Amino acid sequence: MEFTKPYMTLGISILIKKPAPSQPDYFAFLQPLHDIVWVSVLITYLSISFVLFMINRTSPYEWKRLSDRNLVAKSDAGNLDYLNSLWWCFGSFMQQGVDYSPKSTAARVVGGAWWLFTLFLVTSYTANMAAFLTITRLDTPIRGMEDLVTQSKVVYGTVVNSQPLSFFSTSSNFLYNRMFTYMDTTPGAICKNTNLCVEKVRDENYAFLWDSTVNDYFVQKHPCDLMTVGNTFDIKGYGIGLPRGATYRDDFTIALLELREQGFLEELQKKWWTDRGDCPKTELIGTSDIPTQLGFAQFSGMFCVVGAGAGLGLLTSLIENLVFIRHNQVKKKRKKKAQKRDCYPYNGVRYGARLADMGSVEPYDDMVSTV
């Protein structure tokens, strides 16, 4: 006897009882981001506000210094004090605006870096929050074969004299041999038939190792309290058995491959395993579908960007002060030169013209003619 090419694959999967969904958390809105990320955001928020406050106090082109020189209204001097800087950063974070904005180049560099940081943070939070809201979270200690082997609370096993049990007993893999030793020495780990194992899963703290197709069938049946976890192992395939040397074996194989390429076999499996199941699709979500929190590693680049922006803003503020000081020095020198010219208003030409206007030459000529 020989077989065609496989028309469906299967393996050994882990069937466990579906845990109760976790209770609603009042602080569920914080779940998309890790705790260290929230703390880092708070520290960054306070730091950027302080940097804006310092620039407002030191930059000659910011509200405070402009007000001191009567270039803006006195009431605008506190536009970027620390409390207003906190309010400006919070408004930017919430995608809102305020009545004032930084005026100096240094503060705008810092503000631009903060805007870029908040844009990336808010979009990442929104995307991950949507996943947390739409996927039911199932808290189970078993998420795969490794978790099953390293724990002692859940008993696991299979059916006596079955192919899965033979696979574990003859495998050269150390992990599979360890699992066989556990099942062989633990009372109640080996069942007499499949239905008894499934009942143990429902009634006891038990995990059933069996063919993935059969386990998927039980998952779809009422009362919808079962689920499979982890990856399928010991992959095999279902084929059509034919007499050895049958000339039409290749014809069957080609027909099966064509049906697979057309998606017919996949639709057929979906029809009998999913569409005709007793359980709603929302009940079939496994632990592998649970979204993970975004940690500090995902945001480290953006923290570097906002830190670099703050440093560049402080450097720009220093340059602005140096330019302002130099500008004032040049202005004072020009003012001193102008004051010196004002002390001597009459040059040679103007002095001669003044004498001519006074008639000082004409009396001298009259004296000569008289003599």
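For the structure itself, consult the block above.
Rules of the game
- Residues numbered from 1 in each chain as written.
- Predicted model: local features only at pLDDT ≥ 70, side-chain atom pairs only at ≥ 80, totals over all residues.
- Heavy atoms only, no water.
- Core = buried A, V, L, I, M, F, W, Y, C linked by side-chain atoms within 4.5 Å.
- Buried < 20%, exposed > 50% of the residue type's maximum accessible area, 1.4 Å probe, protein only.
- Helix = DSSP H or I, 4+ residues; strand = E, 2+ residues; numbered from the N terminus.
- Patch = residues over 30% accessible without salt bridge, like charges linked within 9 Å, V, L, I, M, F, W, Y side chains within 5 Å.
- Areas by Shrake-Rupley, 256 points an atom, 1.4 Å probe, with all protein chains shown as cover.
- Salt bridge = Lys/Arg side-chain N within 4 Å of Asp/Glu carboxyl O.
- Axes fitted to C-alpha atoms, helices over the stretch in contact; angles between N-to-C directions.
- Parallel < 35°, antiparallel > 145°, perpendicular 65-115°, else oblique.
- Left-handed = near helix turned anticlockwise from the far one by under 90°.
- Contact = heavy atoms within 4.5 Å.
- Phe/Tyr/Trp six-rings, centres within 6.5 Å; stacked < 30°, edge-to-face > 60°.
- Lys NZ or Arg CZ within 6 Å of the ring centre and 35° of its normal.
- Pairing = 2+ DSSP bridges.

**Student:** Would you mind going over the nonpolar core with me for this structure?
**Tutor:** Soluble globular proteins tend to bury their nonpolar side chains together. Core analysis: the biggest nonpolar cluster contains 24 residues, and Ile48, Leu52, Cys89 and Trp114 have the highest contact counts within it. Looking at this core, the elements with two or more residues in it are helix H1 (35-58), helix H2 (63-68), helix H3 (82-93) and helix H4 (105-134). No other element matches H1, which puts seven residues into this core. Counting 21 residues, the second-largest nonpolar core is a separate cluster that includes Leu148, Tyr156, Ala207 and Phe233.

**Student:** Would you explain the environment of Leu312 in this entry?
**Tutor:** The topology assignment puts Leu312 in helix H12 (residues 296-343). Sequence separation between Leu312 and Ala113 is 199 residues, and the spatial gap between their C-alpha atoms is 9.7 Å.

**Student:** What is the right way to read a nonpolar patch on the surface from this model?
**Tutor:** Together, Tyr61, Leu312, Leu315, Leu318, Ile319, Leu322 and Val323 line one region of the surface with nonpolar side chains, adding up to about 630 Å² of accessible area. When you line up the elements, Tyr61 lands in the loop between H1 and H2. Judged by relative accessible area, Tyr61 falls into the partly exposed class, the value being 32%.

**Student:** Hey, could you run me through unusual backbone geometry in this one?
**Tutor:** In most cases, non-glycine residues show a negative phi, while peptide bonds are predominantly trans. In this structure, Pro223 follows His222 across a cis peptide bond, with omega equal to 15°. Following the sequence through the fold, Pro223 ends up in the loop between helix H9 (212-219) and strand S5 (226-238). Residue Asn161 is not a glycine yet carries a positive backbone phi of 55°. On the secondary structure map, Asn161 appears in the loop between strand S3 (155-157) and helix H6 (163-170). Judged by its relative accessible area of 75%, Asn161 falls in the exposed class. For Cys224, which is not glycine, the phi torsion reads 60° and is therefore positive.

**Student:** Teacher, can you tell me more about the packing of H6 against helix H7 (residues 174-185) here?
**Tutor:** When two helices pack together, their arrangement is given by the angle between the helix axes and the distance between those axes. In the contact formed by H6 and H7, the axes pass within 7 Å of each other and the chain directions differ by 120°. What the angle tells us is that H6 and H7 run oblique. In the packing of H6 onto H7, the handedness of the crossing is left-handed. On H7, the residues that touch Leu165, Phe167, Phe168 and Ser169 of H6 are Tyr176, Asn177, Met179, Phe180 and Met183.

**Student:** So what exactly am I meant to see when it comes to the packing of aromatic side chains here?
**Tutor:** Within a pair of aromatic rings, the relevant descriptors are the distance that separates the centres and the angle that separates the planes. Applying the stated criterion across every chain, the model contains 20 aromatic pairs. Members of the aromatic cluster, connected to one another through ring pairs, are Tyr45, Phe93, Trp114 and Phe117. Against the face of Tyr206 rests Lys200, its NZ or CZ located 5.1 Å from the ring centre.

**Student:** Explain the sheet that holds S3 to me, please; I cannot follow it from the model alone.
**Tutor:** The pairing of strands in a sheet comes from backbone hydrogen bonds and takes either a parallel or an antiparallel form. Strand order in the open sheet formed by four strands is S3-S4-S2-S5, with mixed pairing between adjacent strands. Looking along the sheet, the strands with just one partner apiece sit at the ends: S3 and S5. Direction aside, the axes of adjacent strands within the sheet are offset by 15° on average. In terms of strand pairing, S3 meets strand S4 (residues 206-211) through three bridges, oriented parallel. Note that in S4 the partner of Val155 across the bridge is Tyr206.

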